[in-house]
Amino acid sequence: MRADEIRALVPTGASIAQPVATIIEAVRAGGDAELERLEAEFGAGTKAPFTASGGALADDVRAGLEVAIHNVRAVAEAGVDEDRLVTLPQGHSVKLRDVPVRRAAVYAPGGRNPYPSTVVMGVMTAQAAGVDEVYVVGAPHPVMVAAAELCGADAYFAVTGAQAVAALAYGTESIPKVDVIVGPGSLWVQEAKRQVSAVVGIDGFAGPSDLTVVATEGADLDALKADLAGQGEHGEGSLTVAVSDSQAILDALDAQHGVLVADMDEALAFVEELAPEHLQIAGEAAEALAPRIRSAGCLFVGSSSGTAFGDYVAGSNHVLPTEGAARFASGLNVRHFRRRMAEVRVGSAGAALAAAGVPIAEAEAFPAHAASMRLRQNPRP
Ligand SMILES: N[C@H](CO)Cc1c[nH]c[nH+]1
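Residues numbered from 1 in each chain as written. Predicted model: local features only at pLDDT ≥ 70, side-chain atom pairs only at ≥ 80, totals over all residues. Heavy atoms only, no water.

- For the protein chain, the name recorded in an unreviewed UniProt entry is Histidinol dehydrogenase, with Solirubrobacter pauli as its organism.

## A word on helix H10 (residues 264-274)
Right, on to step 1. Met264, Ala267, Leu268, Phe270, Val271 and Leu274 are the residues of H10 that are buried. An end-on view of H10 places all buried positions within 165° of arc, on one side of the element.
Right, on to step 2. Where H10 is buried, its residues touch helix H1 (3-7), strand S8 (210-215), strand S9 (239-244), strand S10 (257-260), strand S11 (278-282) and helix H11 (286-289).
Right, on to step 3. Positive backbone phi, approximately 50°, marks Ala275, located one or two places after H10. (Buried < 20%, exposed > 50% of the residue type's maximum accessible area, 1.4 Å probe, protein only. Helix = DSSP H or I, 4+ residues; strand = E, 2+ residues; numbered from the N terminus. Arc of directions from axis to C-beta. Contact = heavy atoms within 4.5 Å.)

## Section: the packing of helix H6 (residues 161-170) against helix H7 (residues 187-196)
Right, on to step 1. Orientation of H6 relative to H7, taken along the N-to-C sense of each, is 25°, at an axis distance of 7 Å. When the axes of H6 and H7 are compared, the pair comes out roughly parallel. In the crossing of H6 with H7, the sense of the turn from one axis to the other is right-handed. Residue-level inspection shows Gly161, Ala162, Val165, Ala169 and Tyr170 of H6 in contact with H7, the latter providing Trp188, Val189, Ala192, Lys193 and Val196.
Right, on to step 2. Classifying every residue of the contact of H6 with H7 by side-chain character gives eight nonpolar, one polar and one charged. (Axes fitted to C-alpha atoms, helices over the stretch in contact; angles between N-to-C directions. Parallel < 35°, antiparallel > 145°, perpendicular 65-115°, else oblique. Left-handed = near helix turned anticlockwise from the far one by under 90°. Nonpolar A, V, L, I, M, F, W, Y, C, P; charged D, E, K, R; others polar.)

## Points about the sheet that holds strand S1 (residues 84-87)
Hydrogen bonds between backbone groups are what pair the strands of a sheet, and the pairing can be parallel or antiparallel.
Right, on to step 1. The three strands lie next to each other as S1-S2-S13, forming an open sheet whose pairing is antiparallel. Of all the strands in the sheet, just S1 and strand S13 (338-345) have a single pairing partner and so form its edges. Pairwise comparison of adjacent strand axes, ignoring direction, gives a mean angle of 20° for this sheet.
Right, on to step 2. In this sheet, S13 lies alongside strand S2 (residues 93-100) in antiparallel orientation, the contact comprising eight bridges. Each residue of the ladder has a partner; that of Pro100, found in S13, is Arg338. (Pairing = 2+ DSSP bridges.)

## Brief notes about the site of the ligand
Right, on to step 1. Within the structure, the ligand sits among Tyr115, Ser117, Ser209, Gln231, His234, Glu277, His278, Asp311, Tyr312 and His318.
Right, on to step 2. At 3.1 Å from an oxygen atom of the ligand is found a side-chain nitrogen or oxygen belonging to His278.
Right, on to step 3. A per-class count over the shell around the ligand returns two nonpolar, six polar and two charged. (Near = heavy atom within 4 Å. Polar contact = N/O pair within 3.5 Å; in protein donor to acceptor, adjacent residues only side chain to side chain.)

## Topic: the pattern of salt bridges
Right, on to step 1. Counting across every chain of the model gives 18 salt bridges.
Right, on to step 2. With a shortest N-O distance of 3.8 Å, Arg340 and Asp81 are connected by a salt bridge. Note that Arg340 is positioned in strand S13 and Asp81 in the loop between helix H3 (59-77) and S1, a separation of 259 residues in sequence.
Right, on to step 3. For Arg335, the salt bridge identified is with Asp98, shortest N-O distance 2.9 Å. Placement of the pair is Arg335 in the loop between helix H12 (307-312) and S13 and Asp98 in strand S2, with a sequence separation of 237 residues.
Right, on to step 4. Asp98 gets classed as buried once you look at its relative accessible area, which sits at 5%. (Salt bridge = Lys/Arg side-chain N within 4 Å of Asp/Glu carboxyl O.)

## Looking at the sheet that holds strand S5 (residues 155-157)
Right, on to step 1. Ordered in space as S5-S4-S3-S6-S7, the five strands form an open sheet in which the pairing is parallel. At either end of the open sheet lies a strand with only one pairing partner, and these are S5 and strand S7 (201-202).
Right, on to step 2. With respect to the sheet, helix H4 (residues 116-129) is in contact with strand S3 (103-107) and strand S4 (133-137), its orientation differing from that of S4 by roughly 165°.

## As for the nonpolar core
Right, on to step 1. Counting 35 residues, the largest nonpolar core has Val119, Val120, Val123, Val131, Val136 and Phe337 as the members making the most contacts within it.
Right, on to step 2. Where this core is concerned, the elements lending two or more residues are H3, S3, H4, S4, helix H5 (142-151) and strand S6 (180-182).
Right, on to step 3. At eight residues, the largest contribution of residues to this core is made by H4.
Right, on to step 4. One finds Ile16, Ile23, Ala26 and Val178 within the second-largest nonpolar core, a separate group that totals 28 residues. (Core = buried A, V, L, I, M, F, W, Y, C linked by side-chain atoms within 4.5 Å.)

## Notes on the domain arrangement of the protein chain
Right, on to step 1. Structurally, the protein chain comprises domain 1 (16-85 + 102-204), domain 2 (208-327) and domain 3 (346-375).
Right, on to step 2. The distance between the C-alpha centroids of domain 1 and domain 3 comes to 47 Å. (Domains from an automatic or database assignment.)

## Topic: the pairing of S8
Two faces make up the sheet, and in a regular strand the side chains alternate between them.
Right, on to step 1. Most of S8 is tucked away: six of the six residues are buried.
Right, on to step 2. Looking at chain direction, S8 and S9 are connected through six bridges and run parallel. The partner of Leu211 across the bridge, within S9, is Thr240.

Below you can see the structure in the form of C-alpha cells.
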C-alpha cells in the first residue's frame, strides 16, 4: 500500500465544519450562558469514568508524573531561543526579541480515557516558554485536575469540546480569552481550533495517533509488537504500520499495514512520504538510518526506545503532528508559545537608510513613505 493510500483512510474535520461553526458563533455571541447550554447538551466532562477521588493522586502516579514534569520541562527549556542583536552596515541595529505570549490554554482530552500525561506535556512546555498564565481545559477528571495542580497550572476550566475552544478564543464572562490553544482532543475540538486559528495561535490539527516501525535484522520483535499494540490502544482511527525488508519480520509484527521494501533506501522514501507521528527504527540498520530521517513527529531509535516512553516520561513531547503533518510541523514545543519581535533602532543611520529606502518607496508610488524616511536624514532627538 502506498503512503498516500494509507493516509486517505483517516477521517478529517470537514464533515463537521458547519455544526462546529454554529457552536463557535453561539459562544462568541452568547458567552457563558451559551457555553453552559452547549456543555449541558454535548459536554463529555461529567460522563468520564472517575478512577481517583478528591483530586488525590496515588503515590506511584504522583512520583511518575514528577519524573515526567522534570523531563518535559528540561527538554522544553532547551528550545528557548535567546534575543539576538544584529548590527548592520548602515550603522543601525535590529534586535530579534523572543517573547512569550501572555495566556495559553492546554486542552486535555478526557472523554474516553483521562490524559494526565497530556496535562504535563502542555503545561510544562508553556511554563518553560515563559507564559504568564497557563490554563487547562477539559473534563474535570480528578487525575487530570490533580496533574494540573502538580504542574502549577493557573486554572482548570471544566468545559469541553468545540464550545471550550470557542470560549478560550473569544473569552466569556468566566473564561479569559487566551493567545494560544494547544492540545489534542476529539475531531470537534480539532475542527474548532482550526476555525479559530485566525484569532488565536494553535499548535495544529491533532488527528488519531499513528506509529510506524521500521525493523531490520536484529530488532527485538516482541518489543516492537508491544509498541504497535500500545498505539493501537488509542482506538478508532489510530494507525500502525510496519516496514521491513523481511516478510518474516512483517508477519511477526502484525501491524495494521505491512510494507515490504527491497532495502533501506526504499524504507526511507516510504517513511518520508508517510511522515508518521511516531517513528521507531530498530535492528542493525537503525543507527545508520536515524540521521537520514526528517519527516517524523518524534523518532525513537533502537529496540529499547519504545514510543510509550515518549508518551509519558522520556521528556520528548507527546503532542505531535499527525496525518502526515510531520512534513512541515513540529511536536509541541516552546515555539508554539513564543513569538519573535524585531526591535529597530535607527539612531544616526537615517541618511544611509533613506538613500536606500526612498527610491524603493517612490518606485512603489508611496510618496508619504518616502517623505517619512527623508525626514530622518538628520538624526532626531
Ligand atoms: N500516544 C499519544 C499521542 O502521541 C499520547 C498518549 C497519552 N497517553 C498515552 N499516549
